[in-house]
Amino acid sequence: MKNPNAELNLKGCFIAGGAILSAATKSEVSDYDVYPKSLEDAIDICYTLIDDGCFVLDVSERAITFKSNN
């Protein structure tokens with residue numbers, strides 16, 4: 001599994017959810033659940049993902065869903 005923290009410089013965030021299970025079972029990762037530790041970290045990761053070519057699919061009260069084609 002690639003390390004998205006290293007590739008996207010996700011400081012102030014942690015990865016959880018199915019990606020952890022996929023890494024443990026050596027299966028393909030379908031998505032990453034990224035949890036920022038502060039509002040500033042959340043804003044930074046949004047800009048980082050957009051700069052990396054991701055786009056917003058959905059916004060809810062508690063989550064922003066991004067899509068990447070790479």
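Treat the numbers as computed from the prediction; the structure is a model and nothing was measured.

A. Examining the confidence of the model for the chain more closely. On average, residues of the chain carry a pLDDT of 85, and 87% of them reach 70 or more. Here helix 1 (residues 4-8) is the element of the chain with the lowest mean pLDDT, 53, and strand 3 (residues 55-59) is the one with the highest, 95.

B. Region of the structure containing unusual backbone geometry. With phi around 55°, Lys-26 is a residue other than glycine that occupies positive phi space. Position of Lys-26 relative to the elements: it lies in the loop between helix 2 (18-25) and strand 2 (33-36).

C. Seen up close, the state of the cysteines. Evaluation of the coordinates by the stated rule reveals 0 disulfides. With no disulfide of its own, Cys-46 has Cys-13 as its nearest cysteine by sulfur position, at a separation of 9.1 Å. The exposure class assigned to Cys-46 is buried, which follows from its relative accessible area of 18%.

D. Main features of a nonpolar patch on the surface. On the surface, Ile-50, Val-56, Val-59 and Ile-64 cluster together into a nonpolar patch covering about 340 Å² of accessible area. Along the polypeptide, Ile-50 turns up in helix 3 (residues 39-51). The exposure class of Ile-50 is partly exposed, given its relative accessible area of 44%.

E. Quick look at the side chain of Ser-22. Among the structural elements, Ser-22 can be located in helix 2. Leave out the neighbours within four places in its chain, and Ser-22 touches Ser-27, Glu-28 and Val-29.

F. Region of interest: the side chain of Asp-41. Relative to the elements of secondary structure, Asp-41 occurs in helix 3. In this structure Asp-41 is buried but unpaired, with Lys-37 as the nearest side chain of opposite charge at 7.1 Å. Setting aside residues up to four positions removed in sequence, Asp-41 forms contacts with Lys-11, Gly-12, Cys-13 and Pro-36.

Rules used throughout
Residues numbered from 1 in each chain as written. Predicted model: local features only at pLDDT ≥ 70, side-chain atom pairs only at ≥ 80, totals over all residues. Heavy atoms only, no water. pLDDT = per-residue confidence, 0-100. Helix = DSSP H or I, 4+ residues; strand = E, 2+ residues; numbered from the N terminus. Disulfide = S-S within 2.5 Å. Buried < 20%, exposed > 50% of the residue type's maximum accessible area, 1.4 Å probe, protein only. Patch = residues over 30% accessible without salt bridge, like charges linked within 9 Å, V, L, I, M, F, W, Y side chains within 5 Å. Areas by Shrake-Rupley, 256 points an atom, 1.4 Å probe, with all protein chains shown as cover. Salt bridge = Lys/Arg side-chain N within 4 Å of Asp/Glu carboxyl O. Contact = heavy atoms within 4.5 Å. Lys, Arg positive; Asp, Glu negative; His and termini not counted.

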